[in-house]
Amino acid sequence: MRPVACPAITGCTVACSQRHLISRQRAATIAFLPLSLPGYLTKQESIAVLGVDDLLIRSLLDKNQFHDPFDEALHLGISSATWPLFGLLWPSGTRMAERMALRPVTGERILEIGCGLALPSLVAHRRGAHVTASDCHPLSHAFLDHNTQLNGLTPITYRHGLWGAAARREDGQAVLTQATDANVNGLFDLIVGSDILYERDDEGTLAHFINQHAAAGAEIWIVDPNRSNRAAFHKHMALAGFRLHEEMLDQPAREGHAAYKGRMLTYSRHATPSQL
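The following refers to the structure shown. (Residues numbered from 1 in each chain as written. Predicted model: local features only at pLDDT ≥ 70, side-chain atom pairs only at ≥ 80, totals over all residues. Heavy atoms only, no water.)

With respect to the nonpolar core
- Ranked by size, the top nonpolar core spans 41 residues in total, and within it Trp-83, Met-100 and Val-123 carry the most contacts.
- Of all the secondary structure elements, the ones that give two or more residues to this core are β5 (55-60), α2 (91-102), α3 (119-126), β7 (130-135), α4 (140-150), β9 (188-194) and β10 (214-224).
- Leave out the neighbours within four places in its chain, and Val-123 touches Val-49, Val-52, Leu-55, Ala-97, Met-100 and Ala-101.
- Counting residues in each nonpolar core, the second largest holds 23 residues, with Ile-210, Ile-222, Ala-240 and Leu-265 among its members. (Core = buried A, V, L, I, M, F, W, Y, C linked by side-chain atoms within 4.5 Å. Buried < 20%, exposed > 50% of the residue type's maximum accessible area, 1.4 Å probe, protein only. Helix = DSSP H or I, 4+ residues; strand = E, 2+ residues; numbered from the N terminus. Contact = heavy atoms within 4.5 Å.)

Describing the pairing of strand β6 (residues 109-112)
- In this sheet, β7 lies alongside β6 in parallel orientation, the contact comprising four bridges. In the sheet register, Glu-112 faces β7, and the bridge partner there is Ala-133.
- Read as a crossover between parallel neighbours, the route from β6 over α3 to β7 is right-handed.
- Relative to β9, β6 is paired through three bridges, and the arrangement is parallel. For Ile-110, the partnering residue across the bridge sits in β9 and is Leu-190. (Pairing = 2+ DSSP bridges. Right-handed = clockwise from strand over helix to strand, strands pointing away.)

Re the sheet that holds strand β12 (residues 263-268)
- Across the sheet, seven strands lie side by side as β8-β7-β6-β9-β10-β12-β11; this open sheet has mixed pairing. Each of the sheet's edge strands pairs with one partner strand only, and the pair in question is β8 (157-160) and β11 (243-248). When strand polarity is set aside, the average angle formed by the axes of neighbouring strands in this sheet is 20°.
- Bridge analysis of β11 against β12 gives six bridges, and the strand direction is antiparallel. Bridge assignment links Arg-243 to a residue of β12, and that residue is Ser-268.
- Where α3 meets the sheet, its contacts fall on β6, β7 and β9, and the angle it forms with β7 comes to roughly 165°.
- Sheet strands touched by helix α6 (residues 230-239): β10, β11 and β12. Its angle to β12, the strand with the most contacts, is close to 15°. (Axes fitted to C-alpha atoms, helices over the stretch in contact; angles between N-to-C directions.)

Examining α2
- The end-to-end C-alpha distance of α2 is 17 Å, a good match for the 16 Å that twelve residues give at a rise of 1.5 Å each.
- By the burial criterion, the buried members of α2 are Ser-92, Gly-93, Thr-94, Arg-95, Met-96, Ala-97, Glu-98, Met-100 and Ala-101. (Expected span 1.5 Å × (residues − 1).)

Remarks on the pairing of strand β4 (residues 42-47)
- Within β4, six of the six residues are buried, which leaves it mostly tucked inside the rest of the structure.
- Both faces of β4 are covered, namely the face carrying Thr-42, Gln-44 and Ser-46 and the face carrying Lys-43, Glu-45 and Ile-47.
- Pairing analysis gives six bridges linking β4 to β5, with the strands arranged antiparallel. Looking across to β5, one finds that Thr-42 is bridged to Leu-60.

Concerning the packing of helix α5 (residues 205-213) against α6
- Their axes nearest at 8 Å, the elements α5 and α6 cross at an angle of 35°. Both α5 and α6 take part in a crossing whose hand is right-handed. Facing Leu-206, Ala-207 and Ile-210 of α5, the residues of α6 in contact are Phe-233, His-236 and Met-237.
- For the contact of α5 with α6, the class distribution of residues is five nonpolar, one polar and no charged. (Left-handed = near helix turned anticlockwise from the far one by under 90°. Nonpolar A, V, L, I, M, F, W, Y, C, P; charged D, E, K, R; others polar.)

Here's the deal with empty space enclosed by the protein
- Summed over all chains, the structure comprises one cavity of 30 Å³ or more.
- Put simply, the largest cavity is a space of about 40 Å³.
- Surrounding the largest cavity, Met-100, Arg-103, Pro-104, Val-105, Glu-108, Ile-110, Ala-124, Arg-127 and Ala-129 form its lining.
- Partitioned by chemical class, the residues of the lining of the largest cavity number six nonpolar, no polar and three charged. (1 Å grid on protein atoms, 1.4 Å probe; cavity = no way out; pocket = protein on both sides within 12 Å on 5 of 7 lines; lining within 4 Å. Points joined across faces, edges and corners; volume = space filled by probe spheres on them.)

A few points about the packing of α2 against α3
- Orientation of α2 relative to α3, taken along the N-to-C sense of each, is 15°, at an axis distance of 8 Å. Judged by the inter-axis angle, α2 sits roughly parallel to α3. Regarding α2 and α3, the two cross each other, and that crossing is right-handed. Contacts between α2 and α3 involve Gly-93, Thr-94, Met-96, Ala-97, Met-100 and Ala-101 from the first element and Leu-119, Pro-120, Val-123 and Ala-124 from the second. (Parallel < 35°, antiparallel > 145°, perpendicular 65-115°, else oblique.)

Details of unusual backbone geometry
- In the Ramachandran plot, Asp-195 falls in the positive-phi region, its phi being about 50° despite a non-glycine side chain.
- Structurally, Asp-195 can be placed in the loop between β9 and α5.
- The exposure class assigned to Asp-195 is buried, which follows from its relative accessible area of 17%.
- You will see that Asn-226, though not glycine, has its phi angle at about 60°, which is positive.
- Residue position: Asn-226 is located in the loop between β10 and α6.
- The partly exposed category is assigned to Asn-226, whose relative accessible area is 31%.

Shown next, in the form of C-alpha coordinates:
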(Lines give C-alpha, C1' and ligand atoms only; values in the text may rest on other atoms or scores of the structure.)
Protein backbone atom coordinates (compact mmCIF):
# COMPACT_ATOMS: atom_id res chain seq x y z
CA MET A 1 0.00 0.00 0.00
CA ARG A 2 1.24 3.47 -0.91
CA PRO A 3 1.46 5.99 1.96
CA VAL A 4 -0.52 9.19 1.36
CA ALA A 5 -1.12 12.28 3.47
CA CYS A 6 -4.30 14.08 4.48
CA PRO A 7 -2.97 17.65 4.84
CA ALA A 8 -6.23 19.15 6.07
CA ILE A 9 -6.51 16.71 8.96
CA THR A 10 -3.80 17.05 11.61
CA GLY A 11 -2.04 13.82 12.52
CA CYS A 12 -3.57 11.82 9.69
CA THR A 13 -0.72 10.39 7.62
CA VAL A 14 -2.15 7.15 6.27
CA ALA A 15 -1.70 4.20 3.96
CA CYS A 16 -4.78 3.42 1.93
CA SER A 17 -6.42 0.29 0.51
CA GLN A 18 -9.63 -0.12 -1.49
CA ARG A 19 -12.82 -1.93 -0.57
CA HIS A 20 -16.23 -2.12 -2.23
CA LEU A 21 -19.44 -0.79 -0.74
CA ILE A 22 -22.92 -1.95 -1.64
CA SER A 23 -25.80 0.08 -3.08
CA ARG A 24 -25.03 3.56 -4.36
CA GLN A 25 -21.86 4.08 -2.33
CA ARG A 26 -18.88 3.52 -4.60
CA ALA A 27 -15.53 2.04 -3.54
CA ALA A 28 -14.41 3.41 -0.18
CA THR A 29 -10.77 4.12 0.58
CA ILE A 30 -9.94 2.88 4.07
CA ALA A 31 -7.03 4.77 5.58
CA PHE A 32 -4.71 3.11 8.09
CA LEU A 33 -2.17 4.82 10.30
CA PRO A 34 1.23 3.11 10.70
CA LEU A 35 1.38 1.53 14.15
CA SER A 36 4.41 3.65 15.01
CA LEU A 37 2.40 6.86 14.73
CA PRO A 38 -0.27 7.93 17.23
CA GLY A 39 -3.54 9.03 15.72
CA TYR A 40 -6.79 7.77 14.27
CA LEU A 41 -7.92 5.76 11.25
CA THR A 42 -10.10 7.25 8.55
CA LYS A 43 -11.97 6.16 5.44
CA GLN A 44 -13.08 7.95 2.29
CA GLU A 45 -16.45 7.16 0.72
CA SER A 46 -18.65 8.35 -2.08
CA ILE A 47 -21.95 9.20 -0.34
CA ALA A 48 -25.26 9.26 -2.18
CA VAL A 49 -27.77 11.96 -1.24
CA LEU A 50 -31.11 11.94 -3.03
CA GLY A 51 -31.50 14.95 -5.30
CA VAL A 52 -27.83 15.87 -5.71
CA ASP A 53 -24.62 14.36 -7.04
CA ASP A 54 -22.66 12.05 -4.75
CA LEU A 55 -20.19 13.63 -2.34
CA LEU A 56 -16.74 12.37 -1.36
CA ILE A 57 -16.54 12.25 2.43
CA ARG A 58 -13.57 11.42 4.63
CA SER A 59 -14.72 10.21 8.04
CA LEU A 60 -13.36 8.26 10.98
CA LEU A 61 -13.05 4.54 10.35
CA ASP A 62 -15.36 3.59 13.24
CA LYS A 63 -16.48 4.40 16.79
CA ASN A 64 -13.24 3.04 18.25
CA GLN A 65 -11.07 5.97 17.15
CA PHE A 66 -9.66 8.39 19.71
CA HIS A 67 -6.83 10.93 19.58
CA ASP A 68 -6.67 13.77 22.09
CA PRO A 69 -2.96 14.01 23.03
CA PHE A 70 -3.19 17.57 24.37
CA ASP A 71 -6.60 17.19 26.07
CA GLU A 72 -8.16 19.74 23.72
CA ALA A 73 -11.40 17.77 23.52
CA LEU A 74 -11.40 16.93 27.23
CA HIS A 75 -11.07 20.60 28.12
CA LEU A 76 -14.12 21.31 25.97
CA GLY A 77 -16.16 18.69 27.82
CA ILE A 78 -15.75 15.90 25.22
CA SER A 79 -15.00 12.49 26.75
CA SER A 80 -13.12 9.63 25.12
CA ALA A 81 -16.45 7.83 24.61
CA THR A 82 -18.01 10.74 22.71
CA TRP A 83 -14.83 11.89 20.93
CA PRO A 84 -15.37 9.86 17.71
CA LEU A 85 -19.06 10.70 17.25
CA PHE A 86 -18.37 13.92 15.33
CA GLY A 87 -16.43 12.04 12.66
CA LEU A 88 -19.05 9.47 11.64
CA LEU A 89 -21.94 9.74 9.20
CA TRP A 90 -25.29 9.25 10.92
CA PRO A 91 -28.67 8.37 9.33
CA SER A 92 -30.33 11.54 10.66
CA GLY A 93 -27.65 13.64 8.98
CA THR A 94 -28.40 11.94 5.67
CA ARG A 95 -32.12 12.68 6.06
CA MET A 96 -31.29 16.34 6.72
CA ALA A 97 -28.95 16.45 3.72
CA GLU A 98 -31.83 15.19 1.55
CA ARG A 99 -34.00 18.04 2.81
CA MET A 100 -31.27 20.57 2.10
CA ALA A 101 -31.07 19.22 -1.46
CA LEU A 102 -34.70 20.28 -1.96
CA ARG A 103 -34.52 23.67 -0.24
CA PRO A 104 -34.79 26.54 -2.75
CA VAL A 105 -31.56 28.54 -2.81
CA THR A 106 -32.22 32.15 -1.82
CA GLY A 107 -30.30 34.83 0.00
CA GLU A 108 -31.20 33.40 3.43
CA ARG A 109 -28.51 32.76 6.03
CA ILE A 110 -28.32 29.12 7.14
CA LEU A 111 -26.61 27.76 10.27
CA GLU A 112 -25.98 24.08 10.93
CA ILE A 113 -25.44 23.32 14.62
CA GLY A 114 -23.75 20.18 15.95
CA CYS A 115 -22.63 19.63 12.36
CA GLY A 116 -20.09 16.82 12.86
CA LEU A 117 -19.02 16.00 9.30
CA ALA A 118 -21.51 18.63 8.04
CA LEU A 119 -23.08 16.63 5.22
CA PRO A 120 -26.15 18.93 5.10
CA SER A 121 -23.89 22.00 4.97
CA LEU A 122 -21.84 20.49 2.15
CA VAL A 123 -25.01 19.81 0.15
CA ALA A 124 -26.34 23.33 0.72
CA HIS A 125 -22.97 24.95 -0.03
CA ARG A 126 -22.52 23.07 -3.30
CA ARG A 127 -25.98 24.25 -4.38
CA GLY A 128 -24.97 27.86 -3.72
CA ALA A 129 -26.64 28.52 -0.37
CA HIS A 130 -25.14 30.88 2.22
CA VAL A 131 -24.34 28.38 5.00
CA THR A 132 -22.28 28.37 8.20
CA ALA A 133 -21.35 25.06 9.85
CA SER A 134 -20.73 24.84 13.60
CA ASP A 135 -19.68 22.26 16.18
CA CYS A 136 -17.71 22.06 19.41
CA HIS A 137 -15.27 19.28 18.45
CA PRO A 138 -11.63 20.37 17.94
CA LEU A 139 -11.35 18.43 14.65
CA SER A 140 -14.67 19.33 13.01
CA HIS A 141 -13.20 22.33 11.21
CA ALA A 142 -10.28 20.35 9.79
CA PHE A 143 -12.53 17.56 8.50
CA LEU A 144 -14.89 20.13 6.98
CA ASP A 145 -12.05 21.87 5.16
CA HIS A 146 -10.70 18.54 3.92
CA ASN A 147 -14.09 17.41 2.60
CA THR A 148 -14.78 20.70 0.84
CA GLN A 149 -11.42 20.31 -0.92
CA LEU A 150 -12.19 16.68 -1.84
CA ASN A 151 -15.28 17.91 -3.65
CA GLY A 152 -13.65 20.90 -5.33
CA LEU A 153 -15.66 23.42 -3.31
CA THR A 154 -14.71 26.79 -1.88
CA PRO A 155 -14.30 26.88 1.93
CA ILE A 156 -17.41 26.83 4.11
CA THR A 157 -17.60 29.30 6.98
CA TYR A 158 -17.08 27.42 10.25
CA ARG A 159 -17.81 28.60 13.79
CA HIS A 160 -17.49 27.09 17.26
CA GLY A 161 -20.90 26.28 18.72
CA LEU A 162 -21.29 25.00 22.28
CA TRP A 163 -24.33 24.70 24.52
CA GLY A 164 -25.60 22.88 27.58
CA ALA A 165 -23.87 20.02 29.34
CA ALA A 166 -21.25 19.91 26.60
CA ALA A 167 -19.89 23.13 28.10
CA ARG A 168 -18.86 21.22 31.23
CA ARG A 169 -16.16 18.57 31.43
CA GLU A 170 -17.08 14.95 32.08
CA ASP A 171 -15.56 15.22 35.56
CA GLY A 172 -17.74 18.22 36.38
CA GLN A 173 -14.92 20.77 36.23
CA ALA A 174 -15.21 23.96 34.20
CA VAL A 175 -13.90 24.11 30.65
CA LEU A 176 -10.19 24.91 30.88
CA THR A 177 -9.33 26.10 27.39
CA GLN A 178 -10.91 28.24 24.70
CA ALA A 179 -11.74 26.93 21.26
CA THR A 180 -9.43 28.03 18.46
CA ASP A 181 -12.35 28.98 16.20
CA ALA A 182 -14.53 32.07 16.57
CA ASN A 183 -17.91 31.51 18.20
CA VAL A 184 -21.19 31.48 16.30
CA ASN A 185 -22.37 35.04 15.87
CA GLY A 186 -25.13 36.90 14.08
CA LEU A 187 -28.71 35.91 13.24
CA PHE A 188 -29.82 33.21 10.81
CA ASP A 189 -33.00 32.63 8.82
CA LEU A 190 -32.76 28.83 8.90
CA ILE A 191 -31.04 26.79 11.63
CA VAL A 192 -30.70 23.04 11.12
CA GLY A 193 -29.49 20.20 13.34
CA SER A 194 -29.45 16.41 13.06
CA ASP A 195 -29.84 14.14 16.11
CA ILE A 196 -28.99 16.93 18.56
CA LEU A 197 -31.61 16.11 21.24
CA TYR A 198 -29.36 13.46 22.76
CA GLU A 199 -29.15 15.03 26.24
CA ARG A 200 -31.79 15.75 28.83
CA ASP A 201 -32.04 19.53 28.84
CA ASP A 202 -34.56 20.68 31.42
CA GLU A 203 -32.96 24.12 31.54
CA GLY A 204 -33.50 24.66 27.81
CA THR A 205 -29.89 25.48 26.97
CA LEU A 206 -30.21 24.25 23.38
CA ALA A 207 -33.41 26.20 22.77
CA HIS A 208 -31.73 29.26 24.29
CA PHE A 209 -28.68 28.81 22.02
CA ILE A 210 -30.95 28.54 18.98
CA ASN A 211 -32.99 31.57 20.01
CA GLN A 212 -29.80 33.61 20.42
CA HIS A 213 -28.94 33.03 16.77
CA ALA A 214 -32.38 32.86 15.15
CA ALA A 215 -33.73 35.82 13.22
CA ALA A 216 -37.10 37.20 14.26
CA GLY A 217 -38.82 35.29 11.44
CA ALA A 218 -36.64 32.18 11.54
CA GLU A 219 -37.32 28.55 10.75
CA ILE A 220 -35.64 25.69 12.66
CA TRP A 221 -35.24 22.16 11.24
CA ILE A 222 -34.39 19.26 13.55
CA VAL A 223 -34.18 15.65 12.35
CA ASP A 224 -34.62 13.48 15.44
CA PRO A 225 -34.41 9.65 15.61
CA ASN A 226 -37.25 9.48 18.14
CA ARG A 227 -35.19 10.33 21.22
CA SER A 228 -37.00 10.86 24.51
CA ASN A 229 -35.95 14.48 25.05
CA ARG A 230 -38.31 16.13 22.57
CA ALA A 231 -41.01 17.20 25.05
CA ALA A 232 -38.75 19.50 27.07
CA PHE A 233 -37.26 20.94 23.89
CA HIS A 234 -40.76 21.60 22.48
CA LYS A 235 -41.67 23.49 25.66
CA HIS A 236 -38.63 25.75 25.57
CA MET A 237 -38.99 26.44 21.84
CA ALA A 238 -42.63 27.43 22.43
CA LEU A 239 -41.49 29.87 25.11
CA ALA A 240 -39.22 31.43 22.48
CA GLY A 241 -42.23 31.97 20.22
CA PHE A 242 -41.86 28.98 17.87
CA ARG A 243 -44.70 26.83 16.59
CA LEU A 244 -44.06 23.15 15.86
CA HIS A 245 -44.92 20.96 12.89
CA GLU A 246 -43.94 17.27 13.01
CA GLU A 247 -43.49 14.92 10.07
CA MET A 248 -42.67 11.23 10.40
CA LEU A 249 -39.63 10.11 8.43
CA ASP A 250 -39.90 6.33 8.89
CA GLN A 251 -38.31 4.41 6.03
CA PRO A 252 -38.18 0.62 5.58
CA ALA A 253 -34.87 -1.15 5.03
CA ARG A 254 -33.76 -1.40 1.42
CA GLU A 255 -30.68 -2.65 -0.34
CA GLY A 256 -27.63 -1.02 1.23
CA HIS A 257 -29.68 1.03 3.70
CA ALA A 258 -30.92 0.12 7.17
CA ALA A 259 -34.43 0.99 8.25
CA TYR A 260 -34.84 4.48 9.73
CA LYS A 261 -37.36 5.69 12.29
CA GLY A 262 -37.47 9.36 13.15
CA ARG A 263 -39.20 12.63 12.53
CA MET A 264 -38.69 16.06 11.04
CA LEU A 265 -39.36 18.80 13.58
CA THR A 266 -40.01 22.17 11.97
CA TYR A 267 -40.26 25.18 14.28
CA SER A 268 -41.30 28.51 12.81
CA ARG A 269 -42.15 31.98 14.01
CA HIS A 270 -43.08 35.14 12.20
CA ALA A 271 -41.50 38.53 12.68
CA THR A 272 -43.77 41.27 13.97
CA PRO A 273 -44.03 44.50 11.91
CA SER A 274 -41.71 46.24 14.38
CA GLN A 275 -39.06 43.52 13.83
CA LEU A 276 -39.06 43.77 10.03
